[in-house]
Each structure stands twice: as structure tokens, then as C-alpha cells.
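Observations on chain architecture
Each chain, letter by letter, is given below.
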Amino acid sequence: MIRSRPSCASAVTAYCAHAPRDPAQPGASPREAALNPEPGRPTVAVVEAYAELARRILAGPARLGRTRLVAVDGPSGAGKSRFAARLADALAALPGGRPPVVHTDDLLDGWDDQVSFWPRLDEWVLSPLRAGRPGAYQRYSWVRHRFLPRPVPVPVAPVLVLEGVSAARAVIGPELTLAVFVTAPAPLRLARAVARDGPEILPELRRWHAGERAHFAADDTASRADLLVDGAPALPHDADRYYVRVR
């Protein structure tokens, strides 16, 4: 995987700043705790360009057949979908064009399939790409509570962006070109989800949050990620072109 962690002086960045985080806050990842061994101790936040990250990805090795697999992981409401979309925009301007983006939410068989969907993803998408063939999946309808019959094609492309909770799980690590973990404070993530889907999902959402905390703790996802992204940065920046990396 891409392991380049440039210093403040060498990063593609507007500036560096200190962004305090409390590792004891609800929803803090293991890596956040490691970054902040004492409450209130600051971490360094660096503003980096999506365009530069896109170039690094294309320069990296293809480990899923001929495809560079980028996993954008993190808890619900952290900003994963936004990060994945903006990275896809940056890749669209480079040779190879816009990459396909697969959202794991589209492969879940309802709320109870939070992490157990993986064999479906592997059969429909990853295994074909591994063999150099296009994949396709059936999208789950959260309104109709069933998979829709029309397949969604996933072509063989230079890059595939896989976004969603558990996308960067340990089992896929050897085939990843880049693992991204997006994080944000738990109260904000909850508020974002409720604003997006309505307060009626709160019982399921709280159960979901407990499940993802258990998964991330067991999988140690954040600590293995190449890139830890602040999904709720305080630093001023052009969010369409830049993201905030924390370390």
C-alpha cells in the first residue's frame, strides 16, 4: 500500500496547524487514542490536495488484478462518501478517467448485514476484477427491502474506489493500493445521519454504531490505514480540492 507520510514541510498543503482531540470522547478510534495519549494533547493537521493524492494512487501498484483498489473506511456520518466522491473527481482529470465507486451500503441485505456482506462483494465485484474481468452487483433497495434485479456494472479500470464501513478490513489489506480512514466526533456523526435519514432511524442507528465500534476495535482498521482523514476539520480550506490529514 502507499505508505508515504510527508512531513509538514514536504506535503502538498496550504499550512500545518494543531487540532486538539480528546481520545476519550465517544467514538474515538484506536488510532486517535494513539495519536493523543493525553486528553487535550494536539495532533498535527495537514491540508493536502485531492489531485496530488490521485497522482500518488495512479503511481502506486495495482494489486487487485490490473486495478488499484482504494478503500475509504470509517464510521457512519464521518464523511466517507464525500471524500470518495471528491477523490473520484480528482482521478477523473487524470489518465484512466473517473473510477467506478462502489458503496458497501448498496450491497447490504438490510441493517443486520453490517459486516457480513463481504462474500457477496467478493463474488460479484472483487473476484472478477482479480481475474481481470468486469464485475457487476445488484443494488439493495432500502425502500423495497430487496435487491434490485438490474445489475450495476463495475468495469476493469485503473482504480476502483470502495467506500463504506469495513471497506478497508484486514482481509483485503494485501490487495489495497490505499486504505483511508475518515473520522469525526460521534455526536456530529449522529446528527449528520439523523439529518440525512430522519429521526425514525435512531434505534437502528444506535445499534449500527455499536456494531461498527466493535468491528473497528477487532479489526484495528484505523491503525492499519495509510491515511487518516478528519471528516470535520476546523482548518479553513477549499473542501472541494483539499482534505485534512491528521497524524
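Sequence order sets the numbering: in each chain, residues are counted from 1 along the sequence as written. Reporting in this predicted model follows two pLDDT cut-offs: at least 70 for local features of residues, and 80 or more for side-chain atom pairs to be given and counted; totals over whole chains, interfaces and linings ignore these cut-offs and use all residues. Excluded from the side-chain calculation are hydrogens and water; included are all heavy atoms of the structure.

Quick look at the environment of Asp-238 now. In this text, helices come from DSSP runs of H or I with a minimum length of four residues, and strands from runs of E with a minimum of two, each type numbered from the N-terminal end. Along the chain, Asp-238 turns up in the loop between strand 9 (227-230) and strand 10 (242-246). Exposed residues in this analysis have more than 50% of their type's maximum accessible area, buried residues have under 20%, and partly exposed residues fall in between, with area computed by a 1.4 Å probe over protein chains only. The exposure class assigned to Asp-238 is partly exposed, which follows from its relative accessible area of 35%. In the structure, Asp-238 is positioned 191 residues away from Val-47 in sequence and 9.5 Å away in space, judged by C-alpha atoms.

Every residue is assigned a pLDDT by the predictor, reflecting its confidence on a scale from 0 to 100. Looking at the protein chain, the pLDDT average stands at 86 and 83% of residues meet or exceed 70. Predicted confidence is poor over residues 3-41, with pLDDT under 50, and the contacts of this stretch with residues over four places away or in other chains come to 84 contacts. Between two residues, a contact is recorded if the distance between any of their heavy atoms is within 4.5 Å.

Looking now at the nonpolar core. Take the buried Ala, Val, Leu, Ile, Met, Phe, Trp, Tyr and Cys residues and link them wherever side-chain atoms come within 4.5 Å; each set so joined is a nonpolar core. In terms of nonpolar packing, the biggest core is built from 35 residues, with Leu-69, Val-102, Leu-121, Val-125, Leu-126 and Tyr-137 touching the most fellow members. Taken together, the elements giving at least two residues each to this core come down to strand 2 (42-49), strand 3 (68-73), helix 4 (118-130), strand 6 (146-154), strand 7 (159-163), strand 8 (176-183), helix 6 (202-219) and strand 10. Tallying contributions element by element places helix 4 first for this core, with six residues. Ignoring sequence-local partners within four residues, the contact set of Val-102 consists of Leu-107, Leu-121, Tyr-137, Val-154, Leu-160, Val-161, Leu-162 and Glu-163. One finds Leu-87, Ala-90, Val-161 and Val-182 within the second-largest nonpolar core, a separate group that totals 21 residues.

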